[in-house]
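Okay, here's what each chain looks like letter by letter:
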Amino acid sequence: MSHRLYLVDVFAERPCTGNPLAVVIASDGLADDAMQQIAAEMNFSETTFVAPTMESDGGYRVRIFTPAREIAFAGHPILGTAWVVRLHLARDVRPTVPLNLAVGQVPVMFESSADGAEAAWFLAPPMALGATCSRERMAPALGISPEDIEAALPVQQLSAGTSVMIVPLRSLDALRRSRLDLGAYAGLMAEGFPPLVYLFCRETHHAGNDLCARFFFEAHGVREDPATGNGAAFLGAYLLEHRFFPEPAFSLRIEQGYEIRRPSLVLLRARIVDGAFEVSVGGRVIPIAQGELL
């Protein structure tokens, strides 16, 4: 049986930018192995598989696969899948689309900006701050010097269904020079640190943006993500925890993907509410193609 297939660019300001995503409407219950093979065939950072009908709690069941494995939570697949569900599965156009993921139900909200462009937003699940790593140990795995890493902030692991290392850098030049070397990183992985590294700095390519980021991850070798929603969500919690800004609430524009010619824009809102972190990530979704997966 064929399955409907949609390709979209997420966190994109125009077509063929942002992070590409394949969304498959799994109409007859694909086996896990088949989903993994399709994700490897698509070869995007993630491919999602969504059930065609709403579940009793009002959400749509979604599974997320990289080319190498299934994961529980990732940002741009959430936003892109919700956009497809809203346009092609839901019976009416609604401002919120709930998705049922391995980490629980995640609602995706749609908002129009002053210029008429629509952005999709998700509220991140609770995130846990984990172990820290010294600059001296992280720097060789990234091909940079310890002095390139910001001394006033920690290199730290954060988790929510998946885990990421947050690495604060001192300059855009250090960000450009960074590369993840899995061989040099092996000792850290042996201690439980994940091969997913989110780097950021204050310096940006464009004056209208607030931070610049890169994200490296392991999937049959090292890959770089053009735009990383879950990384931005982790960053929001990290910035709140370490008082990066003096205010208890902030809204940011995070640029990413310039080094791999996929410029992207990730929107981030973060605040402390009743002592807890509330982090939302948003961006535009642009349709690219649709058809059938045979």
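About the thresholds
Residues numbered from 1 in each chain as written. Predicted model: local features only at pLDDT ≥ 70, side-chain atom pairs only at ≥ 80, totals over all residues. Heavy atoms only, no water. UniProt positions renumbered as here; feature names shortened; annotations may be inferred. Helix = DSSP H or I, 4+ residues; strand = E, 2+ residues; numbered from the N terminus. Rg over C-alpha atoms; globule rule 2.2 N^0.38 Å. Buried < 20%, exposed > 50% of the residue type's maximum accessible area, 1.4 Å probe, protein only. Contact = heavy atoms within 4.5 Å. Areas by Shrake-Rupley, 256 points an atom, 1.4 Å probe, with all protein chains shown as cover. Lys, Arg positive; Asp, Glu negative; His and termini not counted. Charge placed at Lys NZ, Arg CZ, Asp CG, Glu CD. Salt bridge = Lys/Arg side-chain N within 4 Å of Asp/Glu carboxyl O. Arc of directions from axis to C-beta. 1 Å grid on protein atoms, 1.4 Å probe; cavity = no way out; pocket = protein on both sides within 12 Å on 5 of 7 lines; lining within 4 Å. Points joined across faces, edges and corners; volume = space filled by probe spheres on them. Nonpolar A, V, L, I, M, F, W, Y, C, P; charged D, E, K, R; others polar. Domains from an automatic or database assignment. Buried area = accessible area lost by both parts, 1.4 Å probe.

- Per an unreviewed UniProt entry, the chain goes by the name Phenazine biosynthesis protein and belongs to Sulfurifustis variabilis.
- According to UniProt, the comment filed for the chain under the heading Sequence similarities (unreviewed entry) is "Belongs to the PhzF family."

### Observations concerning the overall build of the chain
Part 1: In terms of regular secondary structure, the chain is built from 6 helices and 18 strands.
Part 2: A compact globule built from 294 residues should have a C-alpha radius of gyration of about 19 Å, and the chain, at 18 Å, falls within 12% of that.
Part 3: The dimensions of the chain, computed from C-alpha atoms along their principal axes, are 55 × 40 × 35 Å.
Part 4: The buried share of the chain, taken over its 294 residues, is 55%.
Part 5: Across the chain, the fraction of contacts at a sequence separation of at least 24, relative to all contacts at a separation of at least 6, is 62%.
Part 6: For the chain, the accessible surface area stands at approximately 12400 Å², while carbon and sulfur atoms represent 50% of it.
Part 7: A distance of 3 Å separates the average location of the 24 positive side-chain charges in the chain from that of its 33 negative side-chain charges.

### Regarding the pattern of salt bridges
Two side chains with opposite charge may pair up if their charged atoms get near one another.
Part 1: Enumeration according to the criterion identifies 13 salt bridges in this entry.
Part 2: Glu191 is paired through a salt bridge with Arg137; the nearest N and O atoms lie 2.8 Å apart. Taken together, the residues span a long stretch of sequence, with Glu191 in the loop between α5 (182-190) and β12 (196-201) and Arg137 in helix α3 (residues 135-142) at a distance of 54 residues.
Part 3: With relative accessibility at 38%, the residue Arg137 sits in the partly exposed group.
Part 4: Between Asp148 and Arg177 there is a salt bridge, and its shortest N-O distance comes to 3.0 Å.

### Side note on the UniProt feature "active site" (unreviewed entry) in the chain
Part 1: Residues annotated in UniProt with the feature "active site" (unreviewed entry) correspond here to Glu46.
Part 2: Within the secondary structure layout, Glu46 lies in the loop between α1 (32-42) and β3 (47-50).
Part 3: Residue class for Glu46 comes out buried when judged on its relative accessible area of 8%.
Part 4: Residues contacting Glu46, with those up to four places away along its chain left out, are Leu21, Ala22, Ile64, Phe65, Thr66, Ile71, Ala74, His76 and Pro77.

### Description of α3
Part 1: For α3, the complete set of buried residues consists of Met138, Ala139, Ala141 and Leu142. An end-on view of α3 places all buried positions within 165° of arc, on one side of the element.
Part 2: A positive backbone phi angle near 70° is found at Gly143, which sits one or two residues after α3.

### Notes on the layout of surface pockets
Part 1: Its volume calculated, the largest pocket comes out at about 310 Å³.
Part 2: In terms of lining, the largest pocket is formed by 18 residues, of which the most central are Ser113, Ala119, Arg253, Leu267 and Arg284.
Part 3: Those elements that provide at least two residues to the lining of the largest pocket are β7 (104-112), β8 (118-123), β15 (249-256) and β16 (264-273).
Part 4: It is β16 that provides the largest number of residues to the lining of the largest pocket, a total of 4 residues.
Part 5: Taken together, the residues of the lining of the largest pocket sort by class into 7 nonpolar, 4 polar and 7 charged.
Part 6: Both domain 1 (3-123 + 284-293) and domain 2 (128-281) contribute no fewer than three residues apiece to the lining of the largest pocket.
Part 7: In terms of lining, the second largest pocket is formed by 21 residues, of which the most central are Glu46, Thr66, Ile71, Leu196 and Phe217.

### Brief notes about the domain arrangement of the chain
Part 1: As assigned here, the chain comprises domain 1 (3-123 + 284-293) and domain 2 (128-281).
Part 2: Each partner contributes residues to the interface: domain 1 has 28 residues there, and domain 2 has 26 residues.
Part 3: For the pair domain 1 and domain 2, the two sides together bury roughly 2100 Å², of which 56% comes from carbon and sulfur.
Part 4: Ranking the residues of domain 1 by area buried against domain 2 places Phe11, Phe73 and Trp121 at the top, with a combined share of 31%.
Part 5: Connecting domain 1 to domain 2 are 3 salt bridges.
Part 6: A salt bridge links Arg269 to Glu111; the shortest N-O distance between them is 2.9 Å.
Part 7: Counting only elements with at least two residues in the side of domain 1 that touches domain 2, the list comes to β1 (3-10), β2 (19-25), α2 (75-88) and β8.
Part 8: No other element matches the 4 residues that β8 contributes to the side of domain 1 that touches domain 2.
Part 9: Partitioning the side of domain 1 that touches domain 2 into residue classes produces 16 nonpolar, 7 polar and 5 charged.

### Looking at unusual backbone geometry
Part 1: Backbone geometry at Cys16 places phi at a positive 65°, although glycine is not the residue there.
Part 2: In the Ramachandran plot, Arg243 falls in the positive-phi region, its phi being about 50° despite a non-glycine side chain.
Part 3: Inspection of the secondary structure assignment puts Arg243 in the loop between α6 (229-241) and β15.
Part 4: According to the relative accessible area criterion, Arg243 is exposed, its value standing at 56%.

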